[in-house]
Amino acid sequence: MSFDNLSLNFREVDPGLSKQEAIEEASRCLYCYDAPCIKACPTGIDIPAFIKKIASGNVKGSAKTIMSANPVGASCARVCPTEELCEGACVLNHSTKPIMIGNLQRYATDWAIHNNIQLFKRKENNGKTVAIVGGGPAGLSAARELALLGYEVTIFEAEEKAGGLNTYGIVSFRLPQSISYWEVQQVENLNVEIRTNTRVGKDISPQEIIDGFDAVLLAIGMSAVPDLNIEGEQLKGVYDAIDFVKKTKTEEITDQYKGKKIAVIGAGNTAIDAATCSVRLGAENVKILYRRTIEEMTAYDFEYEFAKQDGVEFRWLTAPKRIIGNEAGEVIAIECVKMTLGQPGADGRRRPAPIEGSEFTLEVDGVIKAIGQSRYVELMEAFGLKHEDGVLIVQPTTFQTSNDKIFACGDVIFGKGQGEAMVVSAAQQGKESAASIHQLLSNME
């Protein structure tokens, strides 16, 4: 990997299929009746239909089939764990190899992006208004569905650009911002108003939103990475993984990490992104420290393989004990302790415990925290909504909160057995929330 121009390291890794490759791959599909791949897709994309349209040369029709079912289908073509979902269910797994559904989905949506195609048209305004707090995958999906039903939709987005995780939280070499921007534009072109740089609770109050709209949807996602609660956490060189990845997508790429040693705490997808970003920023050595084993790791298998190819080192059953700094307040090392796994906890995973006397020290120049995310509890409570340890409580079929006028979907309801933390799941919840809002407001006529 070249460090002469680090920005090149953040170009998309996978070039995608050529037209000929796409047609040949599409022609392998059996176009199954009652296809298992459709059932395995959380958004229920008619996969045989969109693949057949590629094979017949109707790429616009293919893209529309995909995006009709999944309003963030271009992003999902790149970030979905397809080997666990649609491709994992492909009947060809039993004989040859599965159809490259994700790559074909990307081919069709990339064609629509490159040809600047607007796939949908708004219906006539029905006079009802809906506010959506959060412009990530869940919020955008709901906004698209509601706009197609004729609702006047306003999205309140705290960041400079909408798109949420897809815009700011997934590394550029897997998901370029241009893809997310196109999906946002598809929604905005349906006359959805997106008020960016607008933080609810600061720039507009929750009560103003409740009073000013016929229905409200909270799709606020999650917040910053929580503290490790260990000594040395405030030293210069300790980073929040979410902010770390975001900076690689919003600021100029520099060589400030060239030759450095980085430790990443955690083993989820964000930890992998932080580690692979560090490599591309020129880090000499990158270690992921995880207090459990590979079996409990929450990162997708393809993310893990990707990190290993980048030379990322994994230290299992290893937990940070304290971060060590020099007189200038800069990180110079991290003291760790070896762990052992005991009995399963409430989440089904075995509980880690430190092994007495197993402490050791690693020389590092930076530490990146990637141990999950905290929640916007204050905002939930400002809306007067019931939650359980920061997980918003909703009706499982309608996504209604403790206030019948307010709905919620996406990461804000993830946890406590509710939902899955995937972009594609957030998109589906956005669609289902929109349907519930439509039913509520239709019954009020």
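Criteria and thresholds
- Residues numbered from 1 in each chain as written.
- Predicted model: local features only at pLDDT ≥ 70, side-chain atom pairs only at ≥ 80, totals over all residues.
- Heavy atoms only, no water.
- Helix = DSSP H or I, 4+ residues; strand = E, 2+ residues; numbered from the N terminus.
- Rg over C-alpha atoms; globule rule 2.2 N^0.38 Å.
- Buried < 20%, exposed > 50% of the residue type's maximum accessible area, 1.4 Å probe, protein only.
- Contact = heavy atoms within 4.5 Å.
- Areas by Shrake-Rupley, 256 points an atom, 1.4 Å probe, with all protein chains shown as cover.
- Lys, Arg positive; Asp, Glu negative; His and termini not counted.
- Charge placed at Lys NZ, Arg CZ, Asp CG, Glu CD.
- Salt bridge = Lys/Arg side-chain N within 4 Å of Asp/Glu carboxyl O.
- 1 Å grid on protein atoms, 1.4 Å probe; cavity = no way out; pocket = protein on both sides within 12 Å on 5 of 7 lines; lining within 4 Å.
- Points joined across faces, edges and corners; volume = space filled by probe spheres on them.
- Nonpolar A, V, L, I, M, F, W, Y, C, P; charged D, E, K, R; others polar.

Going by what an unreviewed UniProt entry lists, the protein chain is known as NAD(P)-dependent oxidoreductase and is assigned to Peribacillus faecalis.

(A) Representation of the overall build of the protein chain within the structure. The secondary structure content of the protein chain amounts to 16 helices and 16 strands. For 445 residues, the compact-globule estimate of 2.2 N^0.38 gives 22 Å, and the C-alpha radius of gyration of the protein chain, at 23 Å, lies within 12% of that figure. Considering only C-alpha atoms, the protein chain reaches an extent of 65 × 55 × 45 Å along its principal axes. Here the protein chain holds 445 residues, and 52% of them are scored as buried. Considering only contacts within the protein chain whose residues lie at least 6 apart along the sequence, 70% involve residues at least 24 apart. Surface summary for the protein chain: the accessible area is close to 20100 Å², and the carbon and sulfur share equals 46%. Put simply, the protein chain has 46 plus and 59 minus side-chain charges, and the middle of one group is 3 Å from the middle of the other.

(B) Structural context of the pattern of salt bridges. Inspection of the entire model under this criterion finds 20 salt bridges. Linking R78 and E12 is a salt bridge whose minimum nitrogen-to-oxygen distance equals 2.6 Å. With a gap of 66 residues between them, R78 in helix α5 (residues 73-79) and E12 in the segment before α1 (19-28) connect regions that are remote in the sequence. For E159, the salt bridge goes to K246, with nearest N and O atoms at 2.8 Å. Of this pair, E159 sits in the loop between β2 (152-156) and α9 (165-169) while K246 sits in helix α12 (residues 241-250), placing them 87 residues apart in sequence. Taking the relative accessible area as the measure of exposure, K246 reaches 22% and is therefore partly exposed. Through salt bridges with shared partners, a single network forms among E12, R78, R106 and D110.

(C) Up close: the layout of surface pockets. A volume near 520 Å³ is recorded for the second largest pocket. Broken down by secondary-structure element, the contributors of at least two residues to the lining of the second largest pocket are α5, α7 (101-114) and α14 (301-309). The element contributing the most residues to the lining of the second largest pocket is α7, with 3 residues. Of the residues assigned to the lining of the second largest pocket, the class counts are 8 nonpolar, 3 polar and 7 charged.

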